[in-house]
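# Examining the three-dimensional arrangement
For reference, the chains in residue letters:
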Amino acid sequence: MNVGDELPTIEVRVTRDQLVRYAGASLDFNPIHWNEAFAKDVGLPDVIAHGMLTMALAGRLVTDWLGDPGRLVDLSARFTRPVVVPNTPEGALVEFSGKVGAVNDDGTARIDLVAKFDGKTVLGKPQALVRV
């Protein structure tokens, strides 16, 4: 693992049925994630994906690349822009990429991530700390 190594980019389609399943798993039943009328009433363009779901998908990029999810030590990000999920079979396409930003003397490395929806980043400063 070297600074500058790039992780293989992945594209993930987020659909409304995934939002319902994620709500059940996370116990986050906020209606902005499943009720179109409610989401629009509070000023959103439509139903939006859970921020933690988007962050988890970014983590999947890292764990798939590592081949061992146990090597993921920490994952952090800020939620800066929503992923709007239309009520279509295709849902929303989110693109994830990353590269090694630092290799540390303690046997860990920092992975700098990028999550984009509709050409715009949706996570602020997403980073993973991994065991090399």
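Keep in mind that what you see is a predicted model, and the values were worked out from it rather than measured.

## Some points on the nonpolar core
Among the nonpolar cores identified, the biggest contains 31 residues, and Val14, Val62, Val83, Phe96 and Ile111 are the most heavily contacted of them. Elements with a minimum of two residues in this core: strand E1 (6–14), helix H3 (51–66), strand E3 (92–103), strand E4 (108–117) and strand E6 (123–131). Among the elements that line this core, the one with the most residues is H3, at 6 residues.

## Thoughts on helix H1 (residues 16–26)
Quick reminder: α-helices carry 3.6 residues per turn. Residues three or four places apart thus point the same way. For H1, every residue scored as buried is listed here: Arg16, Leu19 and Ala23. Buried residues of H1 fall within an arc of 50 degrees about the axis and therefore sit on the same side. Projecting away from the buried face of H1 at angles above 90 degrees are the exposed residues Arg21 and Ala25. Following H1 by one or two positions, Leu27 has its phi on the positive side, about 65 degrees.

## A closer look at the UniProt feature "domain: MaoC-like" (unreviewed entry) in the protein chain
The sites that UniProt annotates as "domain: MaoC-like" (unreviewed entry) are residues 9–102. Secondary structure over residues 9–102 splits into 35% helix and 27% strand, and the C-alpha atoms at its two ends are 19 Å apart.

## Considerations on the side chain of His33
You can see His33 is positioned in the loop between H1 and helix H2 (36–41). Separated by 2.8 Å, the side chain of His33 and the backbone oxygen of Ile48 make a polar contact. Non-local contacts of His33, meaning those with residues more than four positions away in its chain, are made with Leu19, Asp28, Val47, Ile48, Ala49 and His50.

## Some details on the pairing of E3
Bridge count between E1 and E3: 7 bridges; the pairing is antiparallel. Residue pairing across strands places Arg13 opposite Leu93, the latter belonging to E3. Where E3 lies against E4, 9 bridges are found, and the strand directions are antiparallel. Across the sheet, the residue bridging to Ser97 is Val114, located in E4. The antiparallel pairing of E3 with E4 creates a hairpin that spans 4 residues between the two strands, and Gly107 there sits at a positive phi of about 85 degrees.

## Section: the pattern of salt bridges
Opposite charge on two side chains makes pairing possible when the charged atoms of those side chains draw close. If you walk through the whole model with that rule in mind, you get 6 salt bridges. Residue Glu36 pairs with Lys40 through a salt bridge whose shortest N-O separation is 3.3 Å. Of this pair, Glu36 and Lys40 both sit in helix H2, 4 residues apart, which is roughly one turn of the helix. A relative accessible area of 31% means that Glu36 is categorised as partly exposed. The exposure class assigned to Lys40 is partly exposed, which follows from its relative accessible area of 43%. Of the charged contacts in the structure, one is a salt bridge between Asp112 and Arg110, with a shortest N-O distance of 2.7 Å. A relative accessible area of 22% places Asp112 in the partly exposed class.

Rules and cut-offs
Residues numbered from 1 in each chain as written. Predicted model: local features only at pLDDT ≥ 70, side-chain atom pairs only at ≥ 80, totals over all residues. Heavy atoms only, no water. Core = buried A, V, L, I, M, F, W, Y, C linked by side-chain atoms within 4.5 Å. Buried < 20%, exposed > 50% of the residue type's maximum accessible area, 1.4 Å probe, protein only. Helix = DSSP H or I, 4+ residues; strand = E, 2+ residues; numbered from the N terminus. Arc of directions from axis to C-beta. UniProt positions renumbered as here; feature names shortened; annotations may be inferred. Polar contact = N/O pair within 3.5 Å; in protein donor to acceptor, adjacent residues only side chain to side chain. Contact = heavy atoms within 4.5 Å. Pairing = 2+ DSSP bridges. Salt bridge = Lys/Arg side-chain N within 4 Å of Asp/Glu carboxyl O.

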